[in-house]
Amino acid sequence: MKRAILTGASSALVLGLAAGVAQAEPETYTIDPEHSFVQFKISHLGFSYLVGRFNNFEGEFTYDPDNPSASEVTATVATESVDTNHSERDRHIRGEDFLEVSEYPEARFVSTSFEEHGDGEATLEGELTLHGTTREIAIDVEHVGAGEDPWGGYRRGFEGTVTLE
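Residues numbered from 1 in each chain as written. Predicted model: local features only at pLDDT ≥ 70, side-chain atom pairs only at ≥ 80, totals over all residues. Heavy atoms only, no water.

**Points about the overall build of the protein**
Item 1. Each helix and strand counted, the protein has one helix and twelve strands in total.
Item 2. The N-to-C order of helical and strand elements in the protein reads β-β-β-β-β-β-β-β-α-β-β-β-β.
Item 3. Across the 165 residues of the protein, 39% fall into the buried class.
Item 4. Put simply, 54% of the contacts in the protein that link residues at least 6 apart link residues at least 24 apart.
Item 5. Entry remark: accessible area of the protein is about 9200 Å², with carbon and sulfur atoms responsible for 47%. (Helix = DSSP H or I, 4+ residues; strand = E, 2+ residues; numbered from the N terminus. Buried < 20%, exposed > 50% of the residue type's maximum accessible area, 1.4 Å probe, protein only. Contact = heavy atoms within 4.5 Å. Areas by Shrake-Rupley, 256 points an atom, 1.4 Å probe, with all protein chains shown as cover.)

**Notes on the nonpolar core**
Item 1. If you look at the biggest cluster of nonpolar residues, it comprises 27 residues, and the most contacted ones within it are Phe54, Phe61, Phe109, Phe114, Leu124, Ile139 and Val141.
Item 2. If you list the elements that add at least two residues to this core, you get strand E3 (27–31), strand E4 (38–44), strand E6 (57–63), strand E7 (72–78), strand E9 (106–118), strand E10 (121–130), strand E11 (133–148) and strand E12 (154–163). (Core = buried A, V, L, I, M, F, W, Y, C linked by side-chain atoms within 4.5 Å.)

**What about the packing of aromatic side chains?**
Item 1. Inspection of the entire model under this criterion finds six aromatic pairs.
Item 2. Each ring, one from phenylalanine 40 and one from phenylalanine 54, has its centre 5.6 Å from the other, and the planes form 50°; the classification is tilted. Of this pair, phenylalanine 40 sits in strand E4 while phenylalanine 54 sits in strand E5 (residues 48–54), and the two are 14 residues apart along the sequence. When sorted by exposure, phenylalanine 40 lands in the same class as phenylalanine 54, which is buried.
Item 3. Pairwise contacts between aromatic rings join Tyr29, Phe61, Tyr63, Phe114 and Phe158 into one cluster.
Item 4. Directly above the aromatic system of tyrosine 49 lies the positively charged group of lysine 41, at a separation of 4.3 Å from the ring centroid. (Phe/Tyr/Trp six-rings, centres within 6.5 Å; stacked < 30°, edge-to-face > 60°. Lys NZ or Arg CZ within 6 Å of the ring centre and 35° of its normal.)

**Quick word on a negative patch on the surface**
Item 1. On the surface, a cluster of negative charge is made up of Asp119, Glu121, Asp140, Glu142 and Glu159.
Item 2. A relative accessible area of 48% means that glutamate 121 is categorised as partly exposed. (Patch = residues over 30% accessible without salt bridge, like charges linked within 9 Å, V, L, I, M, F, W, Y side chains within 5 Å. Salt bridge = Lys/Arg side-chain N within 4 Å of Asp/Glu carboxyl O. Lys, Arg positive; Asp, Glu negative; His and termini not counted. Charge placed at Lys NZ, Arg CZ, Asp CG, Glu CD.)

**Remarks on the side chain of serine 36**
Item 1. Following the sequence through the fold, serine 36 ends up in the loop between E3 and E4.
Item 2. Take serine 36: its relative accessible area is 5%, and that puts it in the buried class.
Item 3. A polar contact is formed between the side chain of serine 36 and the backbone oxygen of aspartate 32, at a distance of 2.5 Å. (Polar contact = N/O pair within 3.5 Å; in protein donor to acceptor, adjacent residues only side chain to side chain.)

**Here's the deal with the sheet that holds E5**
Item 1. The strand order across the open sheet built from three strands is E4-E5-E8, with neighbouring strands paired in antiparallel fashion. The open sheet has two edge strands, E4 and strand E8 (82–83), and neither has a second partner.
Item 2. Here seven bridges tie E4 to E5, and the two strands are oriented antiparallel to one another. Bridge pairing in E5 links isoleucine 42 to leucine 50. (Pairing = 2+ DSSP bridges.)

**Side note on the environment of serine 48**
Item 1. Looking at the element boundaries, serine 48 is found in strand E5.
Item 2. Apart from residues lying up to four places away in sequence, serine 48 is in contact with Ile42 and Ser43.

**Some details on the pattern of salt bridges**
Item 1. The tally for this structure, following the rule as stated, stands at four salt bridges.
Item 2. A salt bridge links arginine 155 to aspartate 32, with the nearest nitrogen and oxygen atoms 3.3 Å apart. Placement of the pair is arginine 155 in strand E12 and aspartate 32 in the loop between E3 and E4, with a sequence separation of 123 residues.
Item 3. For aspartate 149, the salt bridge identified is with arginine 155, shortest N-O distance 3.0 Å.
Item 4. Three or more residues are tied together by salt bridges with common partners; here these are Asp32, Asp149 and Arg155.

**Description of the pairing of E5**
Item 1. The turn joining E4 and E5, which pair antiparallel and follow one another in sequence, is formed by three residues; a positive phi near 60° is taken by leucine 45.
Item 2. Judged from the two bridges that link them, E5 and E8 form a sheet pairing that is antiparallel. Bridging across to E8, arginine 53 finds its partner in aspartate 83.

That is the geometry; function is a separate question.
Here is the structure:
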């Protein structure tokens, strides 16, 4: 299995992926948590933004350069790993008013389709389960790049953004 990078953000959830690869068949990647992120950005009191991240997540994806629509992504995020660089706020976000992590310790994304539009742009659709509710979302994706890394492996990177309301 190859290594991948996941990126996430805000009311815009960023999904970015990178990994190792084989040619002429679907490539399977493991999301690399050391070179990936799931972050978010939300309005704070209407006059600024709060940026945070989830520190613990895992997942994998397959990508077939000859048949991109056959690509698949799964990712799981530990909701208790929310980090806004403010411990009291993080405690509040983990509590009953927001994530309720004792009841819902994970958020999960499972893709249902992937469509490339050209120029490295694509749409990744799937089911996001958050706080016990599953709903369809569409993530705007950009292919960042692919190639051999300095250690002889192969990596592929994507970044995606979605606005959750």
